[in-house]
Amino acid sequence: MNKENNQSIISKDGVSYLIPFILVTSCFALWGFANDITNPMVKAFSKIFRMSVTDGALVQVAFYGGYFAMAFPAAMFIRKYSYKAGVLMGLGLYAVGALMFLPASMTGMYYPFLVAYFILTCGLSFLETSCNPYILSMGEEETSTRRLNLAQCFNPMGSLCGMYVAMNFIQAKLNPASTEERALLSDTEFAAMRDSDLSVLITPYLIIGAVIALMFLVIYFTKMPHNADKNHDVHPLATLKRICKIDYYREGVIAQFFYVGVQIMCWTFIIQYGTRVLMNEGMSEIDAEVTSQRYNIIAMAIFVTSRFICTYFLKYINAGALLGILATVGTVLTLGVIFIDGRMGLYCLVAISACMSLMFPTIYGIALQGLGDDAKFGAAGLIMAILGGSVLPPFQASIIDQQTLFGMPAVNISFILPLFCFLVIIVYGYRTYKRTK
């Protein structure tokens, strides 16, 4: 057994970082919660405000817009101050955005909620830009990818919690009146129903805002490591020019873009895929949608379990090799989604989550390896790659809208896009293996 297998992955030069590691890792769960409580809100806001789905989808535009807009400002802030300062700024913006749901609800208007989402996700961008490289720095570089995978294991746990809260404490408690029934209400009746629904919707956000404020205080008063905060000079253009010449970083940003795209596509369109399969079996549309969402939750549970398992295997298998193996299996399963109709195709789609579990933190860790203090700006590029989650799904949706292509269900054919994404990741895994073996 080699030195890497014997040493603690949460210590460096004899110093244990267990408490800071636990606190920063808890932030992974907190932003996972925010991500997955928000996805169902597109439909919720559409009903509450009697809007089109397109208008409701502005929630996602505001959400991803905050991530994209704040990544490099966050990197500059962290470079000038510290990782701890970046974490605190992220928590502060997260709390402010969540608590702004109260005044937004008092206006009875939709757009103040978009402002609240944008501020909230500016905080999430700060957190992801800070926490990922901060975790990498809390130990020896040889164990950095394993350490980040371990921390990232807690992100989908927060996601599961967010999905559960959205389903049981928001969707289940909203007025059951349909969009068509709401359209028939008088202005007074509609305003009363809208205000009642908004009071239901904002409650979980106010609670999480209070939790985030408490976490802010805990981290503020805790001594955190400064081993990665030695250089505070801010030279963004020179740094970007330098790191973009590094092939494994540059290719890592590309791979991350396609990974986030495949993750969002597989988790978003499992509802459409499952609904078609289950309705063909004779199930009603509403029952098919609910059952498909349950399959989505099963996929997330598989994702969580697989991440722990894959993190263990990283002790013995080269990160690039394991990344390539999982992407290859994901490719085979995606072919099953496309060409196997019925429940087996749906099972293949659920199983893809096991293959995706390792990818985000592993690509992240590989791309930032050896960057030193430049990792602060390198992290920003990898967070901006989250944009793949908003760019690629609309293309898949446009294919699904065709209903039938080449004599096959268009929803099946649409998974050619996730297939292409996995092929990109296979190439990155192979090139990483060849470089590091």
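What counts and how
- Residues numbered from 1 in each chain as written.
- Predicted model: local features only at pLDDT ≥ 70, side-chain atom pairs only at ≥ 80, totals over all residues.
- Heavy atoms only, no water.
- Helix = DSSP H or I, 4+ residues; strand = E, 2+ residues; numbered from the N terminus.
- Buried < 20%, exposed > 50% of the residue type's maximum accessible area, 1.4 Å probe, protein only.
- Contact = heavy atoms within 4.5 Å.
- Phe/Tyr/Trp six-rings, centres within 6.5 Å; stacked < 30°, edge-to-face > 60°.
- Lys NZ or Arg CZ within 6 Å of the ring centre and 35° of its normal.
- Core = buried A, V, L, I, M, F, W, Y, C linked by side-chain atoms within 4.5 Å.
- Salt bridge = Lys/Arg side-chain N within 4 Å of Asp/Glu carboxyl O.
- Patch = residues over 30% accessible without salt bridge, like charges linked within 9 Å, V, L, I, M, F, W, Y side chains within 5 Å.
- Areas by Shrake-Rupley, 256 points an atom, 1.4 Å probe, with all protein chains shown as cover.
- Axes fitted to C-alpha atoms, helices over the stretch in contact; angles between N-to-C directions.
- Left-handed = near helix turned anticlockwise from the far one by under 90°.
- Nonpolar A, V, L, I, M, F, W, Y, C, P; charged D, E, K, R; others polar.
- pLDDT = per-residue confidence, 0-100.

**As for unusual backbone geometry**
Link 1 in the chain: The phi angle at Arg50 is positive, at roughly 50°, despite the residue not being glycine.
Link 2 in the chain: Tracing the sequence through the fold places Arg50 in the loop between helix H3 (41–48) and helix H4 (53–56).
Link 3 in the chain: A positive phi is found at Gln403, a non-glycine position, where the angle reads about 70°.
Link 4 in the chain: With respect to the helices and strands, Gln403 occurs in the loop between helix H21 (388–400) and strand S3 (404–405).
Link 5 in the chain: Overall, Gln403 belongs to the exposed group, its relative accessible area being 59%.

**Re the side chain of Arg276**
Link 1 in the chain: Here Arg276 is to be found in helix H15 (residues 270–280).
Link 2 in the chain: Among residues more than four places away in sequence, those in contact with Arg276 are Asp341, Pro409, Val411 and Asn412.

**Concerning the packing of aromatic side chains**
Two measures describe an aromatic ring pair: the distance that separates the ring centres and the angle between the ring planes.
Link 1 in the chain: Under the defined criterion, the tally for this structure stands at 29 aromatic pairs.
Link 2 in the chain: With centroids separated by 5.1 Å and ring planes inclined at 85°, the aromatic side chains of Phe101 and Tyr117 adopt a geometry described as edge-to-face. Of this pair, Phe101 sits in helix H7 (residues 101–107) while Tyr117 sits in helix H8 (residues 111–137), and the two are 16 residues apart along the sequence. Comparing Phe101 with Tyr117, the two get one shared label, buried.
Link 3 in the chain: Grouping aromatic residues by their ring pairs yields a cluster made of Phe45, Phe49, Phe101, Tyr110, Tyr111, Phe113, Tyr117 and Tyr205.
Link 4 in the chain: Directly above the aromatic system of Phe190 lies the positively charged group of Arg50, at a separation of 3.7 Å from the ring centroid.

**Focus on the nonpolar core**
Link 1 in the chain: Grouped together as the largest cluster of nonpolar side chains are 130 residues, with contacts concentrated most on Phe45, Tyr94, Leu201 and Tyr259.
Link 2 in the chain: Among residues more than four places away in sequence, those in contact with Tyr259 are Phe303, Met356, Met359, Phe360, Ile363 and Ile425.

**Some words on the environment of Val290**
Link 1 in the chain: Locating Val290 in the fold gives a position in helix H16 (residues 285–313).
Link 2 in the chain: Overall, the relative accessible area of 39% leaves Val290 in the partly exposed class.
Link 3 in the chain: Separated by 231 residues in the primary sequence, Val290 and Val59 have C-alpha atoms spaced 22 Å apart.

**Details of the environment of Cys310**
Link 1 in the chain: Along the chain, the position of Cys310 falls in helix H16.
Link 2 in the chain: Once the C-alpha coordinates of Cys310 and Phe72 are considered, the two residues, 238 residues apart in sequence, prove to be 31 Å apart.
Link 3 in the chain: Once you skip the residues sitting within four places of it in the chain, Cys310 turns out to touch Leu322, Leu326, Ser357 and Leu358.

**Quick look at the environment of Ala34**
Link 1 in the chain: Take Ala34: it is sitting in helix H2 (residues 18–38).
Link 2 in the chain: As a C-alpha pair, Ala34 and Gly162 span 128 residues in sequence and 6.6 Å in three-dimensional space.
Link 3 in the chain: What Ala34 contacts, discounting residues up to four positions off in sequence, is Phe63, Tyr94, Leu120 and Leu124.

**Points about the pattern of salt bridges**
Link 1 in the chain: Applying the stated rule across the entire model yields five salt bridges.
Link 2 in the chain: Between Asp195 and Arg194 there is a salt bridge; the shortest N-O distance is 3.1 Å.
Link 3 in the chain: Using a relative accessible area of 38% as the deciding quantity, one classes Asp195 as partly exposed.
Link 4 in the chain: Relative accessible area serves as the criterion here: at 17%, Arg194 is assigned to the buried category.
Link 5 in the chain: Note that Arg431 and Glu251 form a salt bridge whose closest N and O atoms lie 2.9 Å from each other. Taken together, the positions of Arg431 in helix H23 (residues 416–436) and Glu251 in helix H14 (residues 247–268) put the pair 180 residues apart, joining distant regions of the chain.

**Section: a nonpolar patch on the surface**
Link 1 in the chain: Taken together, the side chains of Leu335, Phe339, Ile340, Met344 and Tyr347 make up a nonpolar region of the molecular surface, amounting to roughly 500 Å² of accessible area.
Link 2 in the chain: Of all the secondary structure elements, the ones that give two or more residues to the nonpolar patch are helix H17 (319–339) and helix H18 (343–356).
Link 3 in the chain: The exposure class of Phe339 is exposed, given its relative accessible area of 59%.

**Quick look at the packing of H17 against helix H19 (residues 359–368)**
Link 1 in the chain: Taken N-terminus to C-terminus, the directions of H17 and H19 make an angle of 145°; their axes are 10 Å apart at the nearest point. Note on packing geometry: the crossing formed by H17 with H19 is left-handed. Each of Ala319, Gly320, Leu323, Leu326 and Ala327 in H17 lies in contact with H19, whose residues at this interface are Met359, Thr362, Ile363 and Ile366.
Link 2 in the chain: For the contact of H17 with H19, a count of residues per class yields seven nonpolar, two polar and no charged.

**Section: the confidence of the model for the chain**
Link 1 in the chain: In this model, the chain carries an average pLDDT of 86, and 94% of its residues clear a pLDDT of 70 or more.
Link 2 in the chain: Within the chain, helix H6 (residues 83–99) carries the highest mean pLDDT (96), whereas helix H1 (residues 3–6) carries the lowest (45).
Link 3 in the chain: Segment residues 1–6: pLDDT under 50, and six contacts once partners within four positions in sequence are set aside and those in other chains are kept.

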